[in-house]
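Chain by chain, the residues:
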Amino acid sequence: MLLYLSEMTTIGKIESIINNRELSKENIAFLLGLQKPYQHILHEYAGKINDEVKGNKVHFRGLIEFSNICTKDCYYCGIRKSNHNTHRYTLLHEEILNAADFAFRNGYGSVVLQSGERSDRFFVEQIDSLLQDIKKISGGKLGITLSVGEQTEETYQRWYSSGAHRYLLRIESSSCRLFERIHPQNALHMYDTRLECLQMLKRTGYQTGTGVMIGLPHQTLDDLASDILFFQLQDVDMIGMGPYIEHRDTPLFAEREHLWLLQQRFDTALNMIAVLRIVMPDINIAAATALQAIDPMGREKALLCGANIIMPNITPTENRKNYLLYRNKPNVDEGAEDTIAGLLKRIQHIGKEVAFDEWGDSQHYFNKVNNRGSSSAI
Ligand code: 5AD
């Protein structure tokens, strides 16, 4: 009887919190900590909101990891500059165009160009000409997201003019304390620079995405609740976030005894997606590949509790083994063709539909623009 009563109280509490979209930090932290048998209430509610706002459509972004050369030394990342156990590569211009052409011919709608971080002139120009050529080969039809880190405002503007319209730059953790724990303390790895870059991206006109890793050593549910509030405050258009997965060749590996169990990181990542869908219903949320590294059905589970974007890897197969941000990275030995056939089946299996040949832009971005328009008209 007592158990029954406490169960009723938990369910009642969850329902009263999620029916109110202005969530306090305390209530967000409570939802993020939900486990079985209560978690599904949160997930189903967020899934319903997703269906209402996005329909049951899933959009693809063909992910091209075009180079693992990186000037940064982030403590968690397998392609950090000081990891000498990785073979460095940069795809040829033609190889990147071929991957983009593959995406275009297969109706992916958009590509994401991602790489290690560089800001030298050669790199800036290489991306600029890639953008122009991808637009050319697709008759302007392929959407392009960039995910190549911190750059100057001028560079962001240049790439925007050449055809990139979305940009992903994860804050990794909105807690300055945690950010400093997972990055070297030097001018190349500054929390404030990352924030400033997000502002520049928004000013330039990009649909701007950010995100965090979930389950970092010493991270708490309170930190993650603050991340959700940070996304709201920054008014971002897109989020990509997934579980932190330790990599043997990185300094953060030494802190592995402080980690939550993988399953707990996974469950909390799903809770993060669900809560975010409730508080920011019209943004795009990616089902991160890192989810699949823990659970083979990870991305599908994310799609059912609020995510609406999948980023199939279309990097040439022989290069994928060198873009290991974390261990157990999935789809390292598959050809892109296998992935698309498999993905289609998986998505249809959960009752969703792939929206081929569409950009799948963030509605939030346009809602913001329209709101600005109407408020200035008043
Ligand atoms: N575990 C999970 N995600 C990682 N990333 C980098 N290293 C790891 C890791 N060990 C994520 C970062 C980065 C994105 C490209 O990959 O959040 O922004």
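Remember, it's a predicted structure, so these values are computed and weren't measured experimentally.

A look at the overall build of the chain
Per the secondary structure count, the chain includes 15 helices and eleven strands. The C-alpha radius of gyration of the chain comes to 20 Å, within 12% of the 21 Å expected for a compact globule of 378 residues. Taken over the C-alpha atoms alone, the chain extends approximately 70 × 50 × 45 Å along its principal axes. Taking all 378 residues of the chain together, the buried fraction comes to 58%. If you take every contact in the chain between residues at least 6 apart in sequence, the share linking residues at least 24 apart comes to 76%.

Digging into the packing of helix H9 (residues 221-234) against helix H10 (residues 262-279)
Viewed as axis vectors pointing N to C, H9 and H10 meet at an angle of 35°, and their least axial separation amounts to 11 Å. For the pair H9 and H10, the sense of crossing is right-handed. In contact with Leu221, Leu224, Asp227, Ile228, Phe231 and Gln232 of H9, H10 contributes Thr268, Met272, Val275, Leu276 and Val279. Split into classes, the residues belonging to the contact of H9 with H10 amount to eight nonpolar, two polar and one charged.

So, helix H5 (residues 121-137)
Its 17 residues place the ends of H5 24 Å apart at the C-alpha level, agreeing with the 24 Å of an ideal helix rising 1.5 Å per residue. Of the positions making up H5, those classed as buried are Phe123, Val124, Gln126, Ile127, Asp128, Leu130, Leu131, Asp133, Ile134 and Lys135. Within two residues after H5, Gly139 carries a phi angle of roughly 60°, on the positive side.

Things to note about the nonpolar core
If you look at the biggest cluster of nonpolar residues, it comprises 105 residues, and the most contacted ones within it are Ile64, Trp159 and Leu276. Considering every element that reaches this core, the biggest residue donor is H10, with ten residues. Beyond its immediate sequence surroundings of up to four residues, Leu276 is in contact with Ile228, Phe231, Ile239, Met241, Ile283 and Ile285. Listed in part, the seven residues of the second largest apolar core include Leu63, Leu168, Ala286 and Ile309.

Considering the confidence of the model for the chain
In low-pLDDT segments, the atomic positions of the prediction should not be examined closely. Predicted confidence across the chain gives a mean pLDDT of 93, with 95% of residues reaching 70 or more. Confidence drops under a pLDDT of 50 for residues 374-378, and excluding neighbours within four residues, the segment shows zero contacts in the predicted structure.

Regarding helix H2 (residues 25-32)
For H2, the set of buried residues is Ile28, Ala29, Leu31 and Leu32. Angular distribution of buried residues about the axis of H2 spans 160°; they occupy a single face of the element.

Structural notes on the packing of helix H4 (residues 93-105) against H5
At a minimum axis distance of 10 Å, the contact between H4 and H5 shows a crossing angle of 35°. In this structure, the crossing between H4 and H5 has a hand that is right-handed. Across the interface between the two elements, His93, Ile96, Leu97, Ala100, Asp101 and Phe104 from H4 touch Gln126, Ser129, Leu130, Asp133, Ile134 and Ile137 from H5. Split by residue class, the contact of H4 with H5 holds seven nonpolar, three polar and two charged.

Quick word on the site of the ligand
Close contacts around the ligand come from Tyr76, Cys77, Gln114, Arg170, Glu172, Met213, Pro243, Tyr244, Ile245, Leu325 and Tyr326, and that covers them all. Leu325 places a main-chain nitrogen or oxygen 3.4 Å from a nitrogen atom of the ligand. Burial of the ligand by the surrounding chains reaches 87%, relative to a free accessible area of 410 Å². Per-class residue counts for the shell around the ligand are eight nonpolar, one polar and two charged.

Side note on the pattern of salt bridges
Under the criterion given, the structure shown has 21 salt bridges. For Asp73, the salt bridge is made with Arg80, and the minimal N-O distance between the two is 3.4 Å. Here Asp73 falls in the buried class, since its relative accessible area comes to 16%. For Glu125, the salt bridge identified is with Arg121, shortest N-O distance 3.9 Å. Pair noted here: Glu125 and Arg121 are both in helix H5, with a separation of four residues, about one helical turn. By relative accessible area, Glu125 is classed as partly exposed at 37%.

Concerning the side chain of Glu150
By secondary structure assignment, the location of Glu150 is in the loop between strand E4 (143-147) and helix H6 (153-161). Residue classification places Glu150 among the buried positions, given a relative accessible area of 10%. Separated by 2.9 Å, the side chains of Glu150 and Lys72 make a polar contact. At 2.6 Å, the side chain of Glu150 forms a polar contact with the side chain of Arg194. Not counting residues within four places of it along the chain, the set of residues in contact with Glu150 comprises Lys72, Glu117, Tyr156, Leu169, Leu188, Met190, Thr193, Arg194 and Cys197.

Points about the environment of Pro251
Position of Pro251 relative to the elements: it lies in the loop between strand E8 (238-243) and H10. The class for Pro251 is partly exposed, based on a relative accessible area of 37%. Pro251 sits 178 residues away from Asp73 along the chain, and the two C-alpha atoms are 9.7 Å apart.

Points about the packing of aromatic side chains
Aromatic rings in a pair are described by how distant their centres are and how their planes are angled relative to each other. Following the criterion strictly, the structure yields twelve aromatic pairs and no others. An angle of 65° between the planes, with centres 5.2 Å apart, marks the rings of Phe60 and Tyr108 as edge-to-face. You can see Phe60 sitting in strand E1 (residues 57-60) and its partner Tyr108 sitting in the loop between H4 and strand E3 (110-115), a full 48 residues away along the chain. By relative accessible area, Tyr108 is classed as buried at 0%. Seen from their ring centres, Phe60 and Phe356 are 6.1 Å apart, and the 90° between their planes marks the pair as edge-to-face. Of this pair, Phe60 sits in strand E1 while Phe356 is found in the loop between strand E11 (353-354) and helix H15 (363-377), placing the two residues 296 residues apart along the sequence.

What counts and how
- Residues numbered from 1 in each chain as written.
- Predicted model: local features only at pLDDT ≥ 70, side-chain atom pairs only at ≥ 80, totals over all residues.
- Heavy atoms only, no water.
- Helix = DSSP H or I, 4+ residues; strand = E, 2+ residues; numbered from the N terminus.
- Rg over C-alpha atoms; globule rule 2.2 N^0.38 Å.
- Buried < 20%, exposed > 50% of the residue type's maximum accessible area, 1.4 Å probe, protein only.
- Contact = heavy atoms within 4.5 Å.
- Axes fitted to C-alpha atoms, helices over the stretch in contact; angles between N-to-C directions.
- Left-handed = near helix turned anticlockwise from the far one by under 90°.
- Nonpolar A, V, L, I, M, F, W, Y, C, P; charged D, E, K, R; others polar.
- Expected span 1.5 Å × (residues − 1).
- Core = buried A, V, L, I, M, F, W, Y, C linked by side-chain atoms within 4.5 Å.
- pLDDT = per-residue confidence, 0-100.
- Arc of directions from axis to C-beta.
- Near = heavy atom within 4 Å.
- Polar contact = N/O pair within 3.5 Å; in protein donor to acceptor, adjacent residues only side chain to side chain.
- Areas by Shrake-Rupley, 256 points an atom, 1.4 Å probe, with all protein chains shown as cover.
- Salt bridge = Lys/Arg side-chain N within 4 Å of Asp/Glu carboxyl O.
- Phe/Tyr/Trp six-rings, centres within 6.5 Å; stacked < 30°, edge-to-face > 60°.

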